[in-house]
Structure formats: C-alpha cells, structure tokens
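Residue-level listing of the chains:
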Amino acid sequence: MSEHTPLTDMPGEVTGPQRIARRQLMPASRLGRHLREAAVHVVRSTSPPTIPLGQRSAFDDISQRHARAVIDLALRVGEALLSTGASAADTVATVLRLGHAYGIVAMHVDITYTSISVSIHRGETEDPLTVMRVITDRSPDYTRLEAVQKHIDDIVASAGTAGPLADVDVARERLSDLLASPHPYRRWLVTVGAAVMSVGVVMLFGAGPFMWLVAAFSAALVDRVQRWLYIWGVAAFFSQILSAAIPAAIALGMYALGREAPSVVVISGIVVLLAGLGVLGAAQDALDGYYVTAGARGLEVLMLTLGIAVGVSLVLGIAGWFGVSMQASPIIVLGGTPLISTIGAMLIALGFCLTTYAGRRATVLSILISALAWLVLEVLLLVGIASPVAVAIAASVVGALAYAAFRRLRVPEAAIATASIVSLLPGLSVYRGLYLIMQNTPVTVANAIIHFVAALSTGLGLAAGLAIGGFFARRKFGLDRAAIRARRRSRGTAGAID
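Read on for an overview of the structure. None of these values were measured; they are calculated from a predicted model.

1. Side note on the overall build of the chain
Okay, so step 1: Secondary structure summary: the chain contains 18 helices and three strands in total.
Okay, so step 2: Looking at the 498 residues of the chain, the share that counts as buried comes to 45%.
Okay, so step 3: Of the roughly 26200 Å² of accessible surface on the chain, 63% is carried by carbon and sulfur atoms.

Put into structure tokens, the structure is as follows:
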C-alpha cells in the first residue's frame, strides 16, 4: 500500500500504522480564526437596538399657519386637562390624539407641574415650532374635564370617518365655550358636599346623629373659610393650618363640656382635607414615569399635610397649656355596623363628587363603586388580612372599575377612582400620630412613629392598588398608540426586554 493512499479508499478496517493525508489537516492559524469567528457568532447580537437613539426621522410637511393653530389648540386642551384634575399621562395621550387627528404625527409633549410644552418637527428645511404654556391654577372640576375629553373624542372620531373634520378655529371656539360655561350647580352645594362627606366619615366610626350634625357644621365652616382665604390670596399652607385648627377647636370645646369621643370630629376634618390633596395624582404620575411632575405634586402634598399637622398640633398645644388634655379615644375604630359603615362610605363618595363638580353618571358610579370597595375591605379585615394589604386589594378593584367606566361610558377616571377611595384614607392614624407626638415623651414619640408609618403604608397601598387595578384593566381593554407613547416613560430598561 502506498503511504499516500487516502484511508477512506481502503476497504474494510484499518488496524495498522496510519498516516493522515495533508489535505485533512487544518493549520493552527486557520483553526484559531475559525474558533474566534464561532465565539463572535455566539456572543454578538445581530438584532437592532431596542431603543433607536437619535434616529427619529419622522416629520410633518405642513404649513406654519396650520402648525401654529394646532399647537395653540393643543396647549389650551392640555392646560384645561391638567387644571381640572387629569394625570400627566392622560393629558399627553389626549394631546397626541388631537395632533394626530389634524395630521400632525411628529408632535412631542412635555409636562412639568407648572407648565406644558408642545413641539412639532417640520423637517430638516423648516423651523420646528415649540410653545410653552404655564399652568396657573389647579382645582378638580370633573364636569369640565369630562366635557373637554368628550370634545376631543368627537374630533378624533370625525377624523377617522369620511365626514368633515372640525376646523381648528372652530374647535378652539368650542373649547373656550366649554371652559367658560357655568358649573352644573351653585357654590353652596359644594359646601353641602363637604358637610355630607364629613358625616360619612363619622358614620364609619359608629358615631350618633349628634356627632353627624357637629361634623357637618365643622366641615361647612372649613369650606367657607377656605373659600375666603382663597379670595384673599392666602398661601395654601396657612390655609391648611387654619382649616385643620377649626375641627380641632370644636372637638376641644366638646371635650371641655364633657362630650364623649369628640375626636371623630377632628378625624373627619383630616379626611376631608386629605381628600383635597393630590396624593393619588402624585403616585400615578410617578408610576407613569413623569417624575418631575410627581416630585412637585408630592412636595405639595407633603407641605399641605404638614399644614394639617401644624393646625391640629397648634390647638392641642394651646389646650395643653391650659391643662386640657384631649386624647384620641381607644374606642374609636373603624366600623359601627357594616350597613352604617357602607352608607357612610357612599356618603363620602357623594360628598366628594359634589365638591369637585362631578357629573351625574360619575357620581352614581362613584357611589356604587365606593360601596363595593368598602364591602371588600370589611370582608378582608374580617378574615384577618392586614390593613394596608386589604386597602390595596380594595383599591385595585376601584382602579379596574374606574378605567372600565372611562372606556365604556367616557366618564373621568380620576373622578371615580378618587371619590371611591376617600373613605379608605388613613385619617385615624394621622390624628393619633399627631396627638402622641405632642406629648413629647420617648414612649409616645415612638408610638407616634408607628401610627405615621401605618398612615404611610395605607397611602402607599391605596396608590399601588389603584395602579395595579388600572394596569390590568388597560391590558384588558388595550391602549391606543397615543396612550402607549404617553406611558412609554415608565417602562423598564431596554436590556430587560431585548
């Protein structure tokens, strides 16, 4: 056998000395290169980046006049939504829908707590347009919020049909008419709403009809005083101090006269004042990724809550100087009978809707959902679930139903969600913490911290429950492109979804 005969040509098995042909060997340099190429193929990604940084090339070939008109309308709509109680993400989504209806795709919206900016990219050869508008006032007004949302829905719906799209100038005039229209009821009904809300709070604690009247009088007085202070231009922090001092002073007078459990008057005042704060709005903005707006709202909530603490503590401190010690009675706990407590929760929702000018449909839905949320809370507490967890579960039910009502009936989601969870606010924990911290002893301060932590846990449970319920409802009903863009800031890192 020739020593150069290939082994593969030999019949049978080869058992003797072997010699491999040259063409079957691979040089070491080629083998190393092959291994490097194989390793690169395994490690290196071939897909494009999840987030295309700096590669946005979309622009709108539109006239400058049309772009200016749409920007002006979009800013007016955004200001109206933010001023009347809409969240930052909902405002951005609505403004993007409006711009898309008028043929503008390359629109960018940025929101801080006090301003809204809208920018339109008109291509490389045309100047972009960017306009900012300052938000001067914020006051929940769900009638106007619902009217503005319906107006934008009508514009978007007409853009998707063969019918004529409303002219920008006509749409702006219609928006001005909606914002200038009178409230659905007079201002004195707002005061009645505050009184009804306070009555509902004391009913949660099993108080009798006399305490209902006292709480209603206290809340009505606080509402009128706040109205006067607003007209006089007093800062909100000092307005909160005086507003919190009024129910505390009334309760102190009742305690001096020997009445039992006057602390429920203070608790009802705290809950009514907490209901007017943007706690849930701040939490929602943070979860949606609008951290600047959420931080500003959170700081405002903190300052106004400190105002409540200062007002109550001021009255308790003055009483202590005169030897009067009003303490939070240990018998004050959530719950008279389940029926009375549920009615109380429904009255709280009704009162809140009246104070925020909610429409009839939103009011009815809020009352029903608040009753359901309270019953869920009662059942969860009965089976031994911790209060913050029970509150979070009840709030998740509210969040899901509020978004479902918004999608099906076009009523403001914020109105239903906020009104339905006011009865779950931690007014008792806040009051007990304030009272104990005023005693200024190591034991009472430690106990006060426990109550403040409980109040904070309840607040976080409310915010998290609403967010979770709303998230699953949005997954069920789906989001349009504008809503997806508006909530894109809250997504995780790109590496987590590659």
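2. Comments concerning the sheet that holds strand β1 (residues 107–111)
Okay, so step 1: With respect to topology, three strands assemble into an open sheet ordered β1-β2-β3, the strand pairing being antiparallel. A single partner strand is all that each edge strand has here, and the edge strands are β1 and β3 (129–134). Strand-to-strand twist in this sheet, taken as the mean axis angle between neighbours without regard to direction, amounts to 15°.
Okay, so step 2: The pairing of β1 with strand β2 (residues 115–120) spans five bridges and is antiparallel. Residue pairing in the sheet places His 108 in a bridge with Ser 119 of β2.

3. With respect to the nonpolar core
Okay, so step 1: In this structure, Met 107 and Val 109 are the most contacted members of the largest nonpolar core, which totals 120 residues.
Okay, so step 2: With sequence-adjacent residues up to four places away left out, Met 107 is seen in contact with Val 70, Val 95, Leu 96, Gly 99, Val 118, Ser 119, Ile 120 and Arg 485.

4. Digging into empty space enclosed by the protein
Okay, so step 1: In this structure the tally under the stated criterion is two cavities of 30 Å³ or more.
Okay, so step 2: The space that makes up the largest cavity amounts to roughly 60 Å³.
Okay, so step 3: Broken down by element, the residue count for the lining of the largest cavity peaks at five residues, all from helix α9 (residues 263–275).
Okay, so step 4: Taken together, the residues that form the lining of the largest cavity break down as seven nonpolar, four polar and no charged.

5. Here's the deal with unusual backbone geometry
Okay, so step 1: For Tyr 357, which is not glycine, the phi dihedral falls at a positive 55°.
Okay, so step 2: Looking at the element boundaries, Tyr 357 is found in the loop between α12 (338–355) and α13 (360–382).
Okay, so step 3: Tyr 357 sits in the buried class, given a relative accessible area of 9%.
Okay, so step 4: In this structure, Arg 410 is a non-glycine residue whose phi angle is positive, near 60°.

6. Some thoughts on the side chain of Ser 420
Okay, so step 1: With respect to the helices and strands, Ser 420 occurs in helix α15 (residues 413–421).
Okay, so step 2: By relative accessible area, Ser 420 is classed as buried at 0%.
Okay, so step 3: A polar atom in the side chain of Ser 420 sits 3.5 Å from the backbone oxygen of Ser 366.
Okay, so step 4: Ignoring sequence-local partners within four residues, the contact set of Ser 420 consists of Ser 366, Ile 369, Ser 370, Ala 373 and Val 398.

The rules we used
- Residues numbered from 1 in each chain as written.
- Predicted model: local features only at pLDDT ≥ 70, side-chain atom pairs only at ≥ 80, totals over all residues.
- Heavy atoms only, no water.
- Helix = DSSP H or I, 4+ residues; strand = E, 2+ residues; numbered from the N terminus.
- Buried < 20%, exposed > 50% of the residue type's maximum accessible area, 1.4 Å probe, protein only.
- Areas by Shrake-Rupley, 256 points an atom, 1.4 Å probe, with all protein chains shown as cover.
- Pairing = 2+ DSSP bridges.
- Axes fitted to C-alpha atoms, helices over the stretch in contact; angles between N-to-C directions.
- Core = buried A, V, L, I, M, F, W, Y, C linked by side-chain atoms within 4.5 Å.
- Contact = heavy atoms within 4.5 Å.
- 1 Å grid on protein atoms, 1.4 Å probe; cavity = no way out; pocket = protein on both sides within 12 Å on 5 of 7 lines; lining within 4 Å.
- Points joined across faces, edges and corners; volume = space filled by probe spheres on them.
- Nonpolar A, V, L, I, M, F, W, Y, C, P; charged D, E, K, R; others polar.
- Polar contact = N/O pair within 3.5 Å; in protein donor to acceptor, adjacent residues only side chain to side chain.

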